[in-house]
Amino acid sequence: GDSVTQMEGPVTLSEEAFLTINCTYTATGYPSLFWYVQYPGEGLQLLLKATKADDKGSNKGFEATYRKETTSFHLEKGSVQVSDSAVYFCALGRDQLTFGKGTKLSVIP
Amino acid sequence: GAGVSQTPSNKVTEKGKYVELRCDPISGHTALYWYRQSLGQGPEFLIYFQGTGAADDSGLPNDRFFAVRPEGSVSTLKIQRTERGDSAVYLCASSFGGGAIDTQYFGPGTRLTVL
């Protein structure tokens, strides 16, 4: 069945550091891929998505590229801010979503 | 406009009791999803409605769990004979039409604690 494996946290970075959170998936066919974010005290919200191979999703300075050959969808940001502190979930979707376990990011000033 | 709402926000019950969790989706969204999130884990799919019917209930863990959406809007997740292992945050999401491309919008969740 479908599964998502993402980098275990927690991850602690200094402000303005480069961020990568790795995500790989196992699935048949061509699912859509997503990154969701959960800020402290808030609900899950979509950060970005890609619906086919080689698509790049981007939002709020975050980017991820759908790599079919490596079955990956790594999340990157060039310069993190304290306000990016949150839990990040990689997911793949057909109808329902299959999530990874989440990666907690803490950004310190 | 209003987002997905869920009630109650917290529910504490005793082992063996029956509970109902409610989800009010975004107006006009035909697809509705229930997920369960245990501590330190990602959400796990339970059931997906398209309109009034359950399009996929393969994630329901056993026959103690049941969900309805009688008018194609509000949905209720029902858990009979609750067990301590049912303790989790139950999340509801809705999307405009369903399918892999439509964005799912999540509610704040109901935290269920079974004592």
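A short tour of the structure in this document, coming up.

What counts, and where the lines are drawn
Residues numbered from 1 in each chain as written. Chains lettered and ligands numbered in written order. Predicted model: local features only at pLDDT ≥ 70, side-chain atom pairs only at ≥ 80, totals over all residues. Heavy atoms only, no water. Salt bridge = Lys/Arg side-chain N within 4 Å of Asp/Glu carboxyl O. Buried < 20%, exposed > 50% of the residue type's maximum accessible area, 1.4 Å probe, protein only. Helix = DSSP H or I, 4+ residues; strand = E, 2+ residues; numbered from the N terminus. Pairing = 2+ DSSP bridges. Axes fitted to C-alpha atoms, helices over the stretch in contact; angles between N-to-C directions. Contact = heavy atoms within 4.5 Å. Buried area = accessible area lost by both parts, 1.4 Å probe. Polar contact = N/O pair within 3.5 Å; in protein donor to acceptor, adjacent residues only side chain to side chain. Nonpolar A, V, L, I, M, F, W, Y, C, P; charged D, E, K, R; others polar. Phe/Tyr/Trp six-rings, centres within 6.5 Å; stacked < 30°, edge-to-face > 60°.

On to the pattern of salt bridges. One pass over the full model with this rule turns up seven salt bridges over all chains. Residues lysine 52 of chain A and aspartate 55 of chain A are paired through a salt bridge, measuring 3.4 Å at the closest nitrogen-oxygen approach. Judged by its relative accessible area of 21%, aspartate 55 of chain A is partly exposed. Its salt-bridge partner being glutamate 83 of chain B, residue arginine 64 of chain B comes within 3.6 Å of it at the nearest N-O pair. With arginine 64 of chain B in the loop between β6 (53-56) and β7 (65-68) and glutamate 83 of chain B in the loop between β8 (75-79) and β9 (88-95), this pair connects stretches of sequence that are 19 residues apart. For arginine 64 of chain B, a relative accessible area of 6% puts it in the buried group. Given a relative accessible area of 39%, glutamate 83 of chain B falls into the partly exposed group. Residues participating in the shared-partner salt-bridge network are Arg64, Glu83 and Asp86 of chain B.

Okay, the sheet that holds strand β1 (residues 5-7) of chain B next. Residue and element names in this part refer to chain B. Read across the sheet, four strands follow the order β1-β3-β8-β7 without closing on themselves; strand pairing throughout is antiparallel. At either margin of the open sheet sits one strand with a lone partner, and together these are β1 and β7. Pairwise comparison of adjacent strand axes, ignoring direction, gives a mean angle of 15° for this sheet. With four bridges joining them, β7 and β8 adopt antiparallel strand pairing. Considered in β8, the bridge of alanine 67 is made with leucine 77.

So, on to the side chain of threonine 82 of chain B. Mapped onto the fold, threonine 82 of chain B is located in the loop between β8 and β9. With residues near it in sequence (within four places) discarded, threonine 82 of chain B still touches Thr13, Glu14, Lys15, Gly16, Lys17, Val19, Arg64 and Val114 of chain B.

Residues and elements named next belong to chain A. On the basis of which strands lie adjacent, the open sheet formed by four strands has the order β3-β9-β8-β7 and antiparallel pairing. Looking along the sheet, the strands with just one partner apiece sit at the ends: β3 (19-21) and β7 (56-59). Going from strand to strand, the sheet's axes swing by 15° on average, the running direction of each strand aside. The sheet contact formed by β3 and strand β9 (residues 75-77) spans three bridges and is antiparallel. Residue pairing for β9: isoleucine 21 is matched across the bridge by leucine 75.

To continue, consider the environment of arginine 94 of chain A. Residue position: arginine 94 of chain A is located in the loop between β10 (86-93) and β11 (97-99). Excluding anything up to four places from it in sequence, arginine 94 of chain A contacts Asp2, Ala27, Thr28, Tyr30 and Pro31 of chain A together with Gly99 and Ala100 of chain B.

Counting from both sides, the interface comprises 19 residues of chain B and, opposite them, 18 residues of chain A. In this assembly, chain B packs against chain A so that about 1,400 Å² is buried in total across both faces, 55% of it on carbon and sulfur atoms. By the criterion of area lost to chain A, the three top residues of chain B are Pro43, Ala100 and Phe106 of chain B, representing 31% of everything that side buries. At the surface where chain B touches chain A, the tally comes to zero salt bridges. Inspection of the region where chain B meets chain A yields five residue pairs in polar contact (both at pLDDT 80 or more). Where the side of chain B that touches chain A is concerned, the elements lending two or more residues are β4 (31-37) and β5 (44-50) of chain B. Examining the composition of the side of chain B that touches chain A, we find that three residues originate from one element, β4 of chain B, more than from any other. Here the residues of the side of chain B that touches chain A are counted per class, giving nine nonpolar, eight polar and two charged.

The final tally for this structure, using the stated rule, is twelve aromatic pairs over all chains. Pairing phenylalanine 34 of chain A with tyrosine 36 of chain A gives two aromatic rings, centres 6.2 Å apart and planes at 40°, and the pair type is tilted.

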